[in-house]
Amino acid sequence: MYTIIDGKKISTQIKDELKQEVALLTEQGNRPNLAVIQVGNDSASSVYVNNKAKACEYIGIGSEVFRLDRDISQEGLIDLIDELNARNDIDGILVQLPLPDHIDEKSIINAISLDKDVDCFHPANVGKLVSGEGIFKPCTPAGIIQLLKRNNITIDSKRCVIIGRSTIVGKPMMNLMLDENATVTICHSHTKDLEKITSTADILIVAIGKPKYITANYVKEGAVVIDVGIHRMENKKLCGDVDFEGVKDKCTAITPVPGGVGPMTIAMLMKNCVESRKSRLT
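Residues numbered from 1 in each chain as written. Predicted model: local features only at pLDDT ≥ 70, side-chain atom pairs only at ≥ 80, totals over all residues. Heavy atoms only, no water.

### Considering the overall build of the chain
Step number 1: When helices and strands are counted, the chain shows 10 helices and 11 strands.
Step number 2: In terms of overall size, the chain behaves like a compact globule, its C-alpha atoms giving a radius of gyration of 19 Å where 282 residues would be expected to give roughly 19 Å.
Step number 3: Across its three principal axes, the chain shows a C-alpha extent of roughly 50 × 40 × 35 Å.
Step number 4: Partitioning the intrachain contacts of the chain with sequence separation of at least 6 by distance along the chain shows that 70% fall at a separation of at least 24.
Step number 5: Total accessible area on the chain stands at roughly 13800 Å², and carbon and sulfur atoms take up 48% of it. (Helix = DSSP H or I, 4+ residues; strand = E, 2+ residues; numbered from the N terminus. Rg over C-alpha atoms; globule rule 2.2 N^0.38 Å. Contact = heavy atoms within 4.5 Å. Areas by Shrake-Rupley, 256 points an atom, 1.4 Å probe, with all protein chains shown as cover.)

Okay, here's the thing in structure tokens:
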């Protein structure tokens, strides 16, 4: 019998823990504050931005949302980031991606101060993650670690296979799993015998970007399956990269879509913002 890993429940636990921490910081005059920048009015981006603002309100973190015209120049956006970098009351800066084609995402990420890069996208913070020195952890991979730990799923000594090598999920996920003493294999579009490799995984983490791509043939009996993907099908329903119905009975535990990994990403963003404020007090 499989267990459904409830990301909504665990993210609420984390947010409630942060709420207590933020209340104490606020009493001491050290309320954390997050600045979120949205360029253009893409509907999906607006949903994400609004969800982050709601999470801030729930926890007690201050938030400022800057909604900019889609036609803003790259220089204009960097000017705003520079202003926020200089503000002592701002602890985290997040630029909602994707950006319009005329703006170079790497330049924007690099413009954010290292100690306010709560997404942990800046190359220097990525380097600190690899060396184990940074105060921030990438939100989605860090959320997955929490999903596993808070469901009492052993990571130490387990074989973990990650499908996907993005800088947002796959690569940092590898580092965090190594930190937890897992034996890690990372697969991608050029991997041969993918099914054979994934079938060895005690923990299978899927971030391949293809709806319902992973079927039961890819999954080891008794594995834990973490589905990072999210897609809207023609019938308007959401699904992940894993064929949930076809895979679930082969698992000991599995994340649903929606309600699995997704809620954890925002919870860990909030945690990074709080950690940023705390780091300024030392």
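### Digging into the sheet that holds strand β1 (residues 3-4)
Step number 1: An order of β1-β11-β8-β7-β5-β6 is seen for the six strands of this open sheet, with the pairing classed as parallel. A strand with exactly one partner marks an edge of an open sheet, and here the two such strands are β1 and β6 (183-187).
Step number 2: Across two bridges, β1 lies against strand β11 (residues 251-254) in parallel orientation. The residue bridging I4 from the neighbouring strand is I254, located in β11.
Step number 3: The strands that helix α7 (residues 170-179) touches are β5 (159-163), β6 and β7 (203-206); relative to β6, the one it contacts most, it runs at about 170°. (Pairing = 2+ DSSP bridges. Axes fitted to C-alpha atoms, helices over the stretch in contact; angles between N-to-C directions.)

What is shown is where atoms sit, not what they do.
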